[in-house]
Amino acid sequence: MTVEEGAVDKPEIALVEDERNVRELYLDVLGARGFTVVPLESVAAAEAYLSRRAPDLLLLDVKLGDGDGLVLLDKLRKQGLRTPVIVMTAFGTVDRAVQALRAGANDFLVKPFSNERLLSSVAAALEAGHRMAELELAAPTLAPSTEAGRALIGAAGGLRDVAALVPRVAASDATVLIRGESGTGKELVARAIHAASPRLDGPLISVNCSALPASLIESELFGFERGVFTGAHARHKGVIEAAEGGTLFLDEIGDMPLEAQAKLLRVLQEREFNRIGGREPVKVDIRVIAATHRDLDAMAASGRFRSDLLYRLAVIPLHLPPLRERVQDIPGLIEHFLQKHAARKERPQPRPDAELLRRATTYPWPGNVRELENFVERSIVLGRFDPESLRLPPAPKPLPAPAPAGTPGPSEPEAAPEPPQATTVVPTLREAVARAERAAVIAALQAAKGQKTVAARLLGVSYKTLFNKIHEHDIREELHIG
């Protein structure tokens, strides 16, 4: 099958597989389900095709005649490819699976696999790609209306992207997986999503899975019937049942035992569960948000976390950057925590000086925002900031700023501007539209400093549309973007 010009109704899948029989089998299976499939036989063919188009999904074999599929995937992700990717291989190992997932794969299939497994993986990857495209497109027109949302919206870097997505994510009931280091504010984001959602009037129940012993976590999650074990004198509702009509936030989901994971998967799939000792299923209407600082991809590849649960949790994945990657936020956060804790403790606010701010913005903050808040609170109690507690070497001398491109040197005479030249050629309407479109794309990319996701938001289009316009108007090399 080939892609027809202008075909937009069918999802477009690029299939990179060098074995002819296997390739034709996948073409038949996917074609029978109505997908438009582009067969590609090599790394070179894939690179040539993906330089021109961004398909809805990429099915990528690992062992190809002219290269390694995982090397190709890593290269494509670094160049900015946002398309969902499913990696396939006949040589499945834990290390290869971890490598694939870390390179940006959505799923890892070990050959031979059933048609049902292939179609299920394709459906999940397309759904994830569709949801993220919707969120990216909607982000610039929405702003959080909650206090938590407003706290996030002024953030810098990747956190600003998360804040912009909060209203759109909140409007959906899709499961969210928030990843990030400890102390980056994962629970704050979960609360912002709940506060901006139609479930605002329902409960928000938070559970820290790492704080519950393995022997108790199932009874806390699912509850139990009277008499099922010693001390069970009455029926007990678990937190899943308690969250009815609201949101269940499962913090540190990576610490949940495998047996409990299997039962949670049923909740996400069927919206029902059984209390411990219960025979009748209990129906629930909840929205689940999970968070973790662990590498769930590696855990799933090694069998320590259920891969099917991971896919169910990560329908909408969010990543919170560490504080060291958004130093622009630090002065504002210090001011926020000063006001918060000084009012509570009825103490005067010590004022940060230039040296304190210099150290604070270069200190790595291994504990992230939580460590910064503790530092500010301690300073209020002591009545002063202690810059020496942020042990850093002296700041290096700043390098002189480079001269803007085209600035004449000391002995280089300034070139006289060329006089404008009149034109007598009148472009066709199609040419005029193309020129205007090209100029708009270039302006957006320059404003976004080459970041295509940001440029797409500025233009009000999806990432895929921007990607195709870059190549349609041949501006890729001109701006030196990947």
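Residues numbered from 1 in each chain as written. Predicted model: local features only at pLDDT ≥ 70, side-chain atom pairs only at ≥ 80, totals over all residues. Heavy atoms only, no water.

### Comments concerning the overall build of the protein
Inference 1: For the protein, the helix and strand inventory stands at 20 helices and 14 strands.
Inference 2: Going through the 482 residues of the protein one by one, you find that 43% of them count as buried.
Inference 3: Put simply, 71% of the contacts in the protein that link residues at least 6 apart link residues at least 24 apart. (Helix = DSSP H or I, 4+ residues; strand = E, 2+ residues; numbered from the N terminus. Buried < 20%, exposed > 50% of the residue type's maximum accessible area, 1.4 Å probe, protein only. Contact = heavy atoms within 4.5 Å.)

### Side note on the nonpolar core
Generally speaking, a soluble globular protein has its nonpolar side chains buried in company with each other.
Inference 1: Counting residues in hydrophobic clusters, the biggest one holds 32 residues, and the most contacted among them are Ile240, Leu250, Ile253 and Met256.
Inference 2: Looking at this core, the elements with two or more residues in it are α9 (214-222), α10 (239-242), β10 (247-251), α11 (258-270), β13 (287-292), α12 (296-301) and α13 (307-313).
Inference 3: Beyond its immediate stretch of four places on either side in the chain, isoleucine 240 contacts Leu221, Phe222, Leu248, Val267, Phe273, Val284 and Ile286.
Inference 4: Of all hydrophobic cores here, the second largest spans 24 residues; its members include Tyr49, Leu70, Leu73 and Ala100. (Core = buried A, V, L, I, M, F, W, Y, C linked by side-chain atoms within 4.5 Å.)

### Some words on the sheet that holds strand β8 (residues 176-179)
Inference 1: The strand order β9-β10-β13-β8-β14 describes an open sheet built from 5 strands, whose pairing is parallel. A strand with exactly one partner marks an edge of an open sheet, and here the two such strands are β9 (204-208) and β14 (316-319). Across the sheet, the axes of successive neighbouring strands diverge by a mean angle of 15 degrees, strand direction being ignored.
Inference 2: Judged from the 5 bridges that link them, β9 and β10 form a sheet pairing that is parallel. Considered in β10, the bridge of leucine 204 is made with threonine 247. (Pairing = 2+ DSSP bridges. Axes fitted to C-alpha atoms, helices over the stretch in contact; angles between N-to-C directions.)

### Let's talk about unusual backbone geometry
Inference 1: In this chain, lysine 111 is followed by proline 112 through a cis amide linkage whose omega measures -5 degrees.
Inference 2: Inspection of the secondary structure assignment puts proline 112 in the loop between β7 (107-110) and α5 (115-138).
Inference 3: Not every positive phi belongs to a glycine, and glutamate 252 is a case in point at roughly 50 degrees.
Inference 4: Here asparagine 368, not a glycine, exhibits a phi torsion of approximately 60 degrees, which is positive.
Inference 5: Turning to its location among the elements, asparagine 368 is positioned in helix α16 (residues 368-382).
Inference 6: Residue asparagine 368 is classed as buried on the basis of its relative accessible area of 0%.

### Overview of the pattern of salt bridges
Inference 1: Inspection of every chain in the model, using the stated rule, returns 25 salt bridges.
Inference 2: Measuring nitrogen to oxygen at the nearest pair gives 2.9 Å for the salt bridge that ties arginine 199 to aspartate 173. A residue pair is termed long-range when its members are at least 10 positions apart, and arginine 199 in the loop between α8 (186-195) and β9 and aspartate 173 in the loop between α7 (157-171) and β8 qualify at 26 residues.
Inference 3: Residue class for aspartate 173 comes out partly exposed when judged on its relative accessible area of 42%. (Salt bridge = Lys/Arg side-chain N within 4 Å of Asp/Glu carboxyl O.)

### A few points about the packing of helix α18 (residues 452-459) against helix α19 (residues 463-472)
Between two packed helices, the angle of one axis relative to the other and the distance separating the axes together describe the packing.
Inference 1: Interhelical geometry of α18 versus α19 gives an angle of 100 degrees and a closest axis separation of 9 Å. Considering their axes alone, α18 and α19 lie roughly perpendicular with respect to each other. Along the contact surface, α18 presents Lys452, Thr453, Ala455, Ala456 and Leu459, while α19 presents Tyr463, Leu466 and Ile470.
Inference 2: Partitioned by chemical class, the residues of the contact of α18 with α19 number 6 nonpolar, 1 polar and 1 charged. (Parallel < 35°, antiparallel > 145°, perpendicular 65-115°, else oblique. Nonpolar A, V, L, I, M, F, W, Y, C, P; charged D, E, K, R; others polar.)

### A word on the sheet that holds strand β1 (residues 12-16)
Inference 1: Pairing is parallel across the open sheet formed by 5 strands, whose spatial order is β2-β1-β3-β6-β7. With partners counted over all chains shown, the strands left at the sheet margins are β2 (36-40) and β7, one partner each. Direction aside, the axes of adjacent strands within the sheet are offset by 20 degrees on average.
Inference 2: The strands touched by helix α3 (residues 69-78) within the sheet are β3 (57-61) and β6 (85-89), with β3 carrying the most contacts at an inclination of about 150 degrees.

### Describing the side chain of serine 379
Inference 1: If you trace the backbone, serine 379 turns up in helix α16.
Inference 2: Within the structure, serine 379 has its side chain in polar contact with the backbone oxygen of phenylalanine 375 (distance 2.8 Å).
Inference 3: In this structure serine 379 touches Pro350, Arg384 and Phe385, once residues within four positions along its chain are discounted. (Polar contact = N/O pair within 3.5 Å; in protein donor to acceptor, adjacent residues only side chain to side chain.)

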